[in-house]
Amino acid sequence: MEDFNTGKYIEQRLQRAMAFLGPLRPGFVDFLTSPKKSTIVNFPVQMDDQSVRVFRGFRVLHSHVNGPGKGGIRYSPDLTYAEISALAALMTWKCALINVPFGGAKGGVCCDTKSLSENELRHITRRFISELGDNIGPHTDIPAPDLYTNEHTMGWIYDTYDIMHPGRNNRPVVTGKAIDLGGSLGRHDATGQGCLYATLRFLERIKPAGMKNLKNQRVAIQGYGNVGSAIARLFQNAGAIITGISDSQGGIYSEKGLDLDAINTYKQKNNTVVGLAETMSITNEDLLQLDCDILVPAATSHQIHHDNADKIKAKLVIEAGNAPVTPEANEILLSKDIIVMPDILMNAGGVTVSYFEWVQNNENQQWSLAEVNQKLNDKMVQATDIVISKWLSLNEMIIESNTKEQDEDKAKQLPVDLHTAALVVALHRLTVTIEERGIWP
Ligand code: NAD
């Protein structure tokens, strides 16, 4: 059985990419991988029934080599420090790849939002932010929404921080806020929008399995939250047929395509997509194995793993969530000629528009939606092109070295996947910055 562990995942990805980076100074890898600062807090909250419950929260600043930390805050009952720490490293790579001036960070609170009232969630958020104190700040570490947090959570974070630091513009302390609080137009859909731009660019340039664009492509999406629902709508508008959708309670399927308006109304009322009329109910496992062209895991980590990778029928897997495909599964998909488009590229639209929000907040500006989306498109296309170029050049290099049979390094003999190519680009940028800054003092 494969060990589902995001720390191990990060290590395996890193090792594979390092094989293509050239020699680094001794100890350099340690510096690239060790989190800069970790904060763990336990704090009490008075619940609606007057009882007191202690919650555990984490914030990990992985790197500030490229600027202040940036990364989401998630609420989930089974969060661990190891998971948050690994996701913070992923953010460092993502920011370097998409080329925004931030380092990586991540945070969260162990709690089950479904069993908490809005009042309790507000108290948890306010107390967590006050416990973090100056570990977050507009120029130190800037949170954003993630699993089971949203613009309301970000509003409470801003308000709490602002009350703790009166008399200055604190809007850039957090992104993903409501528009009235200084949020950016386009931030709500940004992760899905960025995913669409990168997908269209990739299809246009590579045409995997003959796919030139999204027209009539059958798409299955796991997770119907902020990211998954935006992708469903945007991909459908671009011509795709959304045949399968799921959430934590299960999934639904329709061969002729799902009615997204009906899903939204149904989900709002019933808190799940399961049971919608004129759809077939399926399990989450069925959804992953649907006969479709494109599979989009947009929920939690490690959903496609050693035991189910062989059953995936899609021709293209788009990692819209963080770390949904394990390294072993990735190898299996590669051997079946299924292309996996990597998370650090495919969901980078969120952090990109978060960066735009931060710039607008610092300058007290509000850009138009057209301007935000144009800038987002530019960033996504640029990053996709760089990843494609690196992918093609690394594979050419392998073909050459395999032909000459000179290279003994086994890691270099395998075809290079897009994950490795993206990470080589990101790590190269980070190592250049570190060398240019120098190791203090
Ligand atoms: P969300 O809380 O809005 O939605 C998550 C969805 O996934 C919900 O529909 C939930 O029911 C579903 N889900 C949870 N467990 C599931 C399971 N085992 N199987 C099927 N569905 C399941 O979260 P989100 O903001 O949409 O984030 C989704 C993913 O995208 C996460 O991995 C997150 O880290 C990543 N991400 C989010 C953003 C962002 O801007 N929100 C940016 C980058 C990456």
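Residues numbered from 1 in each chain as written. Predicted model: local features only at pLDDT ≥ 70, side-chain atom pairs only at ≥ 80, totals over all residues. Heavy atoms only, no water.

Here the focus is the overall build of the protein chain. What the protein chain contains, in helices and strands, is 14 helices and 12 strands. For 441 residues, the compact-globule estimate of 2.2 N^0.38 gives 22 Å, and the C-alpha radius of gyration of the protein chain, at 21 Å, lies within 12% of that figure. Dimensions of the protein chain, computed from C-alpha atoms along their principal axes, come out at roughly 70 × 65 × 45 Å. A buried classification covers 57% of the 441 residues belonging to the protein chain. (Helix = DSSP H or I, 4+ residues; strand = E, 2+ residues; numbered from the N terminus. Rg over C-alpha atoms; globule rule 2.2 N^0.38 Å. Buried < 20%, exposed > 50% of the residue type's maximum accessible area, 1.4 Å probe, protein only.)

Assigned domains within the protein chain: domain 1 (36-174) and domain 2 (190-346). A separation of 28 Å is found between the C-alpha centroids of domain 1 and domain 2. The interface of domain 1 with domain 2 comprises 12 residues on the first partner and 9 residues on the second. Around 820 Å² of area is buried between domain 1 and domain 2 when both sides are counted, 58% of it from carbon and sulfur atoms. Its largest share of buried area at the contact with domain 2, domain 1 owes to Leu90, Lys94 and Leu97, together 45% of the area lost on that side. Across the domain 1-domain 2 interface, the total number found is 0 salt bridges. The interface formed by domain 1 and domain 2 holds 3 residue pairs in polar contact (both at pLDDT 80 or more) in total. (Domains from an automatic or database assignment. Contact = heavy atoms within 4.5 Å. Buried area = accessible area lost by both parts, 1.4 Å probe. Salt bridge = Lys/Arg side-chain N within 4 Å of Asp/Glu carboxyl O. Polar contact = N/O pair within 3.5 Å; in protein donor to acceptor, adjacent residues only side chain to side chain.)

Once that is clear, we can look at helix 7 (residues 226-237). Between its first and last C-alpha, helix 7 extends 17 Å over 12 residues, near the 16 Å set by a 1.5 Å rise per residue. Inspection of helix 7 places Val227, Gly228, Ser229, Ala230, Ile231, Ala232, Leu234 and Phe235 among the buried residues, and these make up the whole buried set. Against helix 6 (190-206), strand 6 (218-222), strand 7 (241-247), helix 8 (260-270), strand 10 (294-297) and strand 11 (316-318) lie the buried residues of helix 7. Note on helix 7: the residue one or two positions beyond its end, Gly239, has a positive phi of about 110°. (Expected span 1.5 Å × (residues − 1).)

This paragraph deals with the sheet that holds strand 5 (residues 141-145). Taken in spatial order, the 5 strands make up an open sheet running 1-2-4-3-5, and their pairing is mixed. Sheet topology places strand 1 (37-46) and strand 5 at the edges, where each strand pairs with a single neighbour. Direction aside, the axes of adjacent strands within the sheet are offset by 20° on average. Examined bridge by bridge, strand 3 (residues 69-75) and strand 5 share 5 bridges and lie parallel to one another. Paired with Gly72 across the two strands is Ala144, which belongs to strand 5. Across the sheet, helix 3 (residues 81-98) is in contact with strand 1, strand 2 (52-61), strand 3 and strand 4 (103-109); its angle to strand 4 comes to roughly 150°. (Pairing = 2+ DSSP bridges. Axes fitted to C-alpha atoms, helices over the stretch in contact; angles between N-to-C directions.)

Over its 18 residues, helix 3 runs 26 Å from end to end, which matches the ideal 26 Å to within 8%, given 1.5 Å per residue. Judged by how many residues are buried, helix 3 sits mostly within the fold: 16 of 18 residues are covered. Where helix 3 ends, the next residue or the one after it, Asn99, has phi of about 65°, a positive value.

Here Asp141 lies in strand 5. Relative accessible area serves as the criterion here: at 1%, Asp141 is assigned to the buried category. Side-chain polar atoms of Asp141 contact the side chain of Arg59, separated by 2.6 Å.

Right, let's talk about the pairing of strand 8 (residues 250-253) for a bit. Judged by which residues are buried, strand 8 turns out to be covered on both faces: Gly250 and Ile252 on one side and Gly251 and Tyr253 on the other are all buried. Sheet analysis places strand 7 next to strand 8, joined by 4 bridges and oriented antiparallel. Bridge pairing in strand 8 places Ser246 opposite Gly251. Adjacent in sequence and paired antiparallel, strand 7 and strand 8 are bridged by 2 residues. In the sheet, strand 8 pairs with strand 9 (residues 280-282) via 3 bridges, with the strands oriented antiparallel. Bridging from a neighbouring strand, Gly251 pairs with Ile282 of strand 9.

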